[in-house]
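Residue-level listing of the chains:
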Amino acid sequence: MHLKSALLAVAFLPVFAVAQTPKTAAPTVAEAQAFMDKAETDLLALANEAGRAAWVQATFITDDTEAIAAKADERLLTRTNELVIGARRFKGMKLPPDLDRKFMLLRLNGSPTDPKLVAELTKVSTSLDGMYGKGKYCRTEAAAAGASTDGDQKNCLGIDDLDVLMAKSRDPKELQELWVGWHKISPPMREKYARLVELSNQGAREFGFRDTGELWRSGYDMTPEQFSAELERAWTQLEPLYQELHAYVRFKLIQKYGAAADRPDGMIPAHLLGNMWAQEWGNVYDIVAPTDAGSFKMYDLEAALNKQIGPVSPLEAGKKLTKYGEGFFTSLGFEPLPATFWERSQFIKPRDRDVVCHASAWNVDNDLDLRLKMCIKVNADDFTTVHHELGHNFYQRAYRKQPFFFRDGANDGFHEAIGDSIALSITPDYLKQLNLIDQIPPPEADIPLQLRTALDKIAFLPFGLLIDKWRWQVFSGQTKPEDFNRAWWELREKYQGVAPPVQRSEADFDPGAKYHIPGNVPYARYFLARVYQFQFYKAMCDASGYKGPLNRCSFYGSKEAGAKLNTMLEAGRSKPWQETLKAMTGTDHLDAGPMIEYFQPLYTWLRQQNAANKVTVGWKTESK
Ligand code: X8Z
Ligand code: ZN
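Because the structure is a prediction, the values reported are computed rather than measured.

Colleague: Looking at this structure, I do not really get the packing of aromatic side chains. What am I missing?
Modeller: Each aromatic ring pair is described using two quantities: the centre-to-centre distance and the angle formed by the ring planes. One pass over the full model with this rule turns up 48 aromatic pairs. When the centroid spacing of 5.9 Å and the interplanar angle of 25° are considered together, the rings of Y193 and W470 count as stacked. A residue pair is termed long-range when its members are at least 10 positions apart, and Y193 in helix α10 (residues 190-206) and W470 in helix α20 (residues 446-476) qualify at 277 residues. The pair formed by Y193 and W470 is uniform in burial state, with each residue classed as buried. Judged by centre distance (6.3 Å) and plane angle (90°), the rings of Y242 and W619 are edge-to-face. Residue Y242 is found in helix α12 (residues 224-257), and its partner W619 is found in the segment after α25 (593-612); the two are separated by 377 residues along the sequence. The burial state of Y242 is the same as that of W619; both residues are buried. A connected cluster of aromatic rings, assembled from ring pairs, spans F328, Y430, F534, Y537, F555, Y556, Y598 and F599. The cationic tip of K323 hangs over the ring face of W342; the distance from NZ or CZ to the ring centre is 4.2 Å.

Colleague: Just to check I follow, could you spell out the packing of helix α8 (residues 159-168) against helix α9 (residues 172-182) for this structure?
Modeller: Think of two packed helices as two axes; the pair is described by the angle between the axes and how far apart they sit. The N-to-C vectors of α8 and α9 enclose an angle of 155°; their axes lie 10 Å apart at closest approach. One finds that α8 runs roughly antiparallel with respect to α9. Classified by chirality, the crossing of α9 by α8 is left-handed. Contact with α8, carried on its side by I159, L162, L165 and M166, involves L175, L178, W179 and W182 of α9 and no other residues of that element. Looking at the contact of α8 with α9 residue by residue, the class counts come to eight nonpolar, no polar and no charged.

Colleague: Which parts of the structure should I look at to understand the coordination of the zinc ion (ligand 2)?
Modeller: For a metal with four tetrahedral donors the ideal donor-metal-donor angle is 109.5 degrees, while six octahedral donors give ideal angles of 90 or 180 degrees. The protein atoms donating to the zinc ion (ligand 2) are H388 (NE2), H392 (NE2) and E416 (OE), with metal-donor distances spanning 2.0 to 2.1 Å. Around the zinc ion (ligand 2) sit four donor atoms, and with donor-metal-donor angles ranging over 89 to 128° the site reads as tetrahedral. Each donor residue of the zinc ion (ligand 2) lies on one chain, and together they are spaced H-x3-H-x23-E. Placement of the pair is H388 in helix α17 (residues 380-398) and E416 in helix α18 (residues 412-423), with a sequence separation of 28 residues. On the basis of relative accessibility, which here comes to 13%, the residue H388 falls in the buried class. The class of E416 is buried, set by a relative accessible area of 2%.

Criteria and thresholds
- Residues numbered from 1 in each chain as written.
- Chains lettered and ligands numbered in written order.
- Predicted model: local features only at pLDDT ≥ 70, side-chain atom pairs only at ≥ 80, totals over all residues.
- Heavy atoms only, no water.
- Phe/Tyr/Trp six-rings, centres within 6.5 Å; stacked < 30°, edge-to-face > 60°.
- Helix = DSSP H or I, 4+ residues; strand = E, 2+ residues; numbered from the N terminus.
- Buried < 20%, exposed > 50% of the residue type's maximum accessible area, 1.4 Å probe, protein only.
- Lys NZ or Arg CZ within 6 Å of the ring centre and 35° of its normal.
- Axes fitted to C-alpha atoms, helices over the stretch in contact; angles between N-to-C directions.
- Parallel < 35°, antiparallel > 145°, perpendicular 65-115°, else oblique.
- Left-handed = near helix turned anticlockwise from the far one by under 90°.
- Contact = heavy atoms within 4.5 Å.
- Nonpolar A, V, L, I, M, F, W, Y, C, P; charged D, E, K, R; others polar.
- Donors = N, O, S within 2.8 Å, 3.2 Å for Na, K, Ca; no water.
- Tetrahedral: all angles 85-135°; square planar, octahedral: opposite > 155°, others 65-115°.

In structure tokens form, the structure reads like this:
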């Protein structure tokens, strides 16, 4: 199932239905089992229909495909509602553990029970997704003059093109122009988003949750309060590392850009970090590279990939980039992807229609119909993203034999972490084995290499945390629609220490310019994944017999690491994630330890640099 459909399969249950349930004899375990069997059969069929419709919509956005996808989601949600209501009969019964767990998972659903409202919810939700997919920034002739874009004749750029320009441009004026241009796609989403929040909350409430945020936080085999506390605990462990990185990067950006990067409050302007959302900063490595790394010069992965892939069509290039990811998994002992994956995936942006370029991985029939949907460009970011997405696909295939309710990640953070834990093995050793680089860098390259990784991994943490902090406030009503943008920037300033490049107001709707808000995809999963992936990576390095500093480990080709991973993947969501994690890593909780171990040398180095440069660590915000 497509991840988003899985989450849309979150439905509701009306109170009046309880009263309508005829009074019968106490139900038996056999009846509960029969009820669940039927539920799984029905939901599988409806989820597959919704998955197929969602695929066509995401790869060909039109009013018709939106209507078809919304209708299929409506059918899925309506049936889910009926089942959650029907399941009330079995509440409180002593059931075999697997059956009990399936009922628990079924109850993690809640959408409005009024048919009109559920229809409206799926329409609003599909339409927001389409608005993001269709989003473009059309540059004026003057703005585009001198800029290297491969946009179409009207100079209209989709997010795939903008990603490249944000990564490569070193002109603060141009970066600001692109940032402002893209953020114009979202004000028209504001009203619809506010309605989505109302409708989704109504559903959650009908089913006994305080609001949609609480419903989302309930899916982690612990209470919602415990879940929030887990996130805070991990963030507290990692925040000092983020702060040092922030201070160092800010210092280097000021050296490069001068006044354009220098704010008296100590924050970094959000357009200067090589990424539209300042969520990952690896693209500005060249600006912040250490000057004391001896003769080591960072390799240019993009150039190396392009050279090896050769002068082929963009589609061939996209497939070849994907093959690197598949090759890693097969080296661990996994079967190659099915032929249909290569036939049915969307590897590149089609020339003549709107699609959702934001990368995703699908299993359209919850069996072997695996697909990737990307608008691939051959560069370092998409190389990582391909591994990320294939992690989803290999997970989907591994748990496909589980019953329907267990065909999912142990939790959604696991799903997001698999491919990334593989991508951590893209070390110089690995790149050398693939003939992408000629020489293994010397030991003094470790700090630069760790810095390059930290710019993506550590820089992401506060962003990964704040997106759902914003949404939880919105769902709970603490943040009202008239404060959407103010609350957004308060969190971005507080957690990330980044500031908007130009004045913002409630005429803007900046959250809507980030896919997961209009896409309605929960985001705490990515924060979890940033931490879990180092736990998984360490476990697989250990399984492969690797000894040495964690950041140099690659378990490429290790069948032992692969077997360990496969055991975790095959289990799907059949057990509480704590048990699955324990079997994999020996630990039963989210643990920042391996991530901190990985970056320990860099942390020491950053502190030395910041002290030597007399840099103030931290920043001031009005809300702090
Ligand atoms: O959305 C994604 C994946 C698809 S699940 C490409 N990611 C987050 C993002 O882009 O914001 C991966 C990293 C974080
Ligand atoms: Zn993902």
